[in-house]
Amino acid sequence: MFGMPISRYGASSVFEQSNELPIPSVNKNEVLVKIKSTSVNPIDLMKREGYGKTIFEKQRKQLFPWILGSDVSGIVKEVGSKVTKFKEGDEVYGSSSSTNIGTYCEYAAFNQNEIDFKPSNLSFNEAASLPYVAITTWTALIRWAGIRPQDLKDKKVFIQAGSGGVGTFAIQLLKYWGAKIATTCSESNHALVKKLGAEIAIDYNTQKFYELLEDYDLVFDCLGDFGGLDSVGNCLSILKAEANSHYITLNHPFLRTIDKKGLVIGVPSALKQRQQVKKEAKPINIHWSIYRPSPSGLSELSRLVEAEVIKPVIDSVYSLKNIIEAHEKVGTSHAKGKVVIEVEKND
Ligand SMILES: NC(=O)c1ccc[n+]([C@@H]2O[C@H](COP(=O)([O-])OP(=O)(O)OC[C@H]3O[C@@H](n4cnc5c(N)ncnc54)[C@H](OP(=O)(O)O)[C@@H]3O)[C@@H](O)[C@H]2O)c1
């Protein structure tokens, strides 16, 4: 099959075209998807550069060529013997963080729990823009922070970086849960984040959110320590000093520590570091979030998309052969919503 794998770590130029990639075989719980569209997530850029390799290299069946990409929309080609929900020809979408599943290619075999039927009101390009960011948000709030939708009714929530892939989804979900949302982004994106449901939009280029906001219940930080340690401290400073306050970050030192120190020393060291950070922030609850598969999150996404509560926000669409340009766009850190890859023409 055709695909754009990498054979070494590095800049976006490491992508190579290949027509020689094997079509994955399906095991009993897997579904082979003929890919129509995928999308670029910042984690793809980080993996391309070698982030997390201490763990990811151990998980991979082969080191290189490595096919990146997590989101999928497409058509079922084949199902494993234990799959009853899907059949050949079904239109599906979903995402995976498995290092053995890549979507910058024509076919991928997904575990049946990581896909669902594509909402009929979305194109394939739109459908591929949502699963990874939606499940990231879902697992961050529900799994890591233990928050239930009803807990956030009328609560004050600050979303750092509201105009990106995760932020544009998170604003819509948290607005639906009844939260009062403030967010940061460039001024040119204020109209967008307000339309999605934010009440307050702050231009981080000219204003300091921590001088404008106080007594918040939740910070959902899509910038995390990429914004520097001061940025994390500034987020904590706007939270109520209460046991019901939560700070969730998507960027934290966990995998970086393991990469730096190696598995044996790195894992206990990262766990200790996280414990220390949690202890110092008490009574505020700190959560270092990591994407985890969530069948319930994906099925709730399908429901909310069909009810038109959640709408995709697409920055741009590239062909798979132009994956380098797509990665460079995401690498600017100024994508407005999602950068989508159209693997097979579908609109
Ligand atoms: N832990 C996990 O499992 C996990 C999962 C998914 C994502 N993440 C991480 O979460 C982050 C967000 O992901 P994403 O997909 O939303 O990324 P993205 O789409 O690339 O985010 C781009 C957005 O970030 C905004 N931005 C850039 N610098 C900012 C700043 N200093 N303050 C506020 N906003 C700023 C930009 O706003 P303007 O253009 O308006 O300036 C742009 O809209 C990434 O760093 C990613 O690695 C982690």
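Residues numbered from 1 in each chain as written. Predicted model: local features only at pLDDT ≥ 70, side-chain atom pairs only at ≥ 80, totals over all residues.

**Things to note about the domain arrangement of the protein chain**
- Domains assigned within the protein chain are domain 1 (12-130 + 313-342) and domain 2 (133-288).
- With centres defined by C-alpha atoms, the gap from domain 1 to domain 2 works out at 26 Å.
- Taken together, the contacts link 13 residues of domain 1 with 16 residues of domain 2.
- Along the lines of polarity and charge, the residues of the side of domain 1 that touches domain 2 split into 5 nonpolar, 5 polar and 3 charged. (Domains from an automatic or database assignment. Contact = placed C-beta atoms within 7 Å. Nonpolar A, V, L, I, M, F, W, Y, C, P; charged D, E, K, R; others polar.)

**A short note on the site of the ligand**
- Near the ligand, the surroundings consist of 31 residues, among which A161, G164, G165, C185 and S186 are the closest.
- Considering every element that reaches the shell around the ligand, the biggest residue donor is helix α5 (residues 165-176), with 3 residues.
- Of the residues in the shell around the ligand, the class split is 15 nonpolar, 15 polar and 1 charged.
- Viewed by domain, the shell around the ligand spans two of them, domain 1 (12-130 + 313-342) and domain 2 (133-288), each represented by three or more residues. (Near = placed C-beta within 6 Å. Helix = DSSP H or I, 4+ residues; strand = E, 2+ residues; numbered from the N terminus.)

**So, the environment of D90**
- Secondary-structure assignment places D90 in the loop between β2 (71-79) and β3 (91-95).
- You can call D90 partly exposed: it has 17 C-beta atoms within 10 Å.
- In sequence terms D90 and N285 are 195 residues apart; their C-alpha atoms lie 42 Å from each other.
- If near-sequence neighbours (up to four positions away) are discounted, D90 is found in contact with V76 and F117. (Buried ≥ 20, exposed ≤ 12 C-beta atoms within 10 Å, placed from the backbone.)

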